[in-house]
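Residue-level structure breakdown
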Amino acid sequence: MRSPALGIQSPDNILLHGLLVFGFAQDVQQRMSQSMKEGLFRTHYGSSEDVIAEIWYDLTVTEIPDSQVAADKNTEAGIKKFFISLHFLRVYPSSSRIASTHFKQCERLCCGANVWKWVEKIQGLKAKVIVWTDDLDDPNGQIMVVSVDGVDMKTWEQKHPTLPVDKKNYSQEYNHGAVKYKIAINMWTGKIVWIHGPYRGGAHDITIFKHGLKDKLADGKMAIADRGYATSDPVLMRKLATPNPADSDELRRFKSRVRARHETLNEHLKNFKILSDTYRHNVNKHKAAFKAACVMVQYQLNYGAPLFDV
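Keep in mind the model is a prediction, meaning the values are calculated, not measured. The numbering scheme is per chain: residues are counted from 1 as the chain's sequence reads. Under the rules for a predicted model, residues below a pLDDT of 70 receive no local features and side-chain atom pairs below 80 are neither given nor counted, while totals for whole chains, interfaces and linings still include all residues. Only heavy atoms go into the side-chain values, all of them from the structure, while hydrogens and water stay out.

**Details of the overall build of the protein chain**
To be explicit about the condition: In this text, helices come from DSSP runs of H or I with a minimum length of four residues, and strands from runs of E with a minimum of two, each type numbered from the N-terminal end. Burial status follows relative accessibility: with a 1.4 Å probe on protein chains alone, a residue under 20% of its type maximum counts as buried, one over 50% as exposed, and anything between as partly exposed. We call two residues in contact whenever any of their non-hydrogen atoms come within 4.5 Å of each other.
The number of helices and strands found in the protein chain is 14 helices and six strands. Each of the three principal axes of the protein chain carries a C-alpha extent, and together these read 65 × 55 × 35 Å. Per-residue burial over the protein chain gives 49% buried out of 310 residues. Taking the contacts inside the protein chain whose residues are at least 6 apart along the sequence as the reference set, 69% of them involve residues at least 24 apart.

Listed below in structure tokens is the structure:
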């Protein structure tokens, strides 16, 4: 018999459901303090119950085809799979058997398509929450409109057909096989407005910039970036605001704060162990995991945990 539809869930109900499916019975939860319940929830799912409630709401009402939750999935069984997928992103269990033990589900429900289809639904919300806004192209607006930086994510090293090591897949940051993404943050709102990748771990920052954000930035607009984007190309120099000895003290400090804020965002992303641990699954699925984590961080920024102002 089909489970009854759940519909929209309040943060309190999301907190209750999230702990129930992980094995904390209702009577056990009643003996916990609110702060303990909230802490356990964040530990297992990577965000607060308020954030997860907003994501669940948007999944149930969205018209984005890739993210829509069908009526037969908006059930107790469906939300349990949703939580299993959140846990997968946050904790990245070393085996599906560990997850099945925690959630008291058969192993089949804790791996493969049963998990990835929910990850893909979450990443589909990128179309709603990660948007390049019109103010970034306003010819009468600010010149420096975004900050840009890259993040390297370790992956299992792919075998090269002839060489013992394929340096093009190697990240200089980790000296390990990796993929690389670029993220742009709106300078004035502190929200993610653009993500791009994946690229091979050995790709240079300026090469990626040429094939991505350079064409996204309107004429006369610039992105603040670190020294890795230094270039002598006059076309690129008009698009990039890198550290410059000619900067005034005020501008130097401003650029430094902007870059520090971007690093803070990168740390938020790496709270999801699927991004901070060595990725073990099909590398073609890494993009979905990365986008899903970006979407969840954007919801965090929108609902109670913004980045600091610059």
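**Topic: the pairing of strand S3 (residues 176-186)**
Keep this limit in mind: Here, a strand pair is defined by DSSP locating no fewer than two bridges between the strands.
Of all eleven residues making up S3, eleven are buried, and the element is well covered by its neighbours. Taken together, the nine bridges between strand S1 (residues 144-154) and S3 define a ladder with antiparallel strand orientation. Across the sheet, residue Gly150 finds its bridge partner in S3, namely Lys182. Looking at chain direction, strand S2 (residues 170-171) and S3 are connected through two bridges and run antiparallel. Opposite Ser171, over in S3, you have His176 as the bridge partner. Here S2 folds back onto S3, and the loop between the two strands holds four residues, one of which, Asn175, carries a positive phi near 50°. Pairing geometry for S3 and strand S4 (residues 192-200), over six bridges, is antiparallel.

**Overview of the packing of aromatic side chains**
Aromatic ring pairs are described here by two measures, namely the spacing of the ring centres and the angle between the planes. Which entries qualify depends on this criterion: Between rings of Phe, Tyr and Trp, where Trp is taken as its six-membered ring, a pair exists when centres lie within 6.5 Å; planes separated by under 30 degrees are stacked, by over 60 edge-to-face, and by other angles tilted.
Per the counting criterion, the structure on display carries 16 aromatic pairs. Seen from their ring centres, Trp56 and Trp118 are 6.1 Å apart, and the 20° between their planes marks the pair as stacked. Of the two residues, Trp56 is situated in helix H4 (residues 49-61) and Trp118 in helix H7 (residues 113-124); the sequence distance between them amounts to 62 residues. Consider the rings of Tyr92 and Tyr279, whose centres lie 6.1 Å apart with planes at 10°: the pair is stacked. On the criterion of sequence distance, the pair formed by Tyr92 in the loop between helix H5 (76-91) and helix H6 (96-103) and Tyr279 in the loop between helix H13 (273-276) and helix H14 (286-302) is long-range, its members being 187 residues apart. Each member of the pair Tyr92 and Tyr279 is classed as buried. By way of ring pairs, the aromatic residues Phe41, Tyr45, Trp56, Phe82, Phe83 and Trp118 are connected into one cluster.

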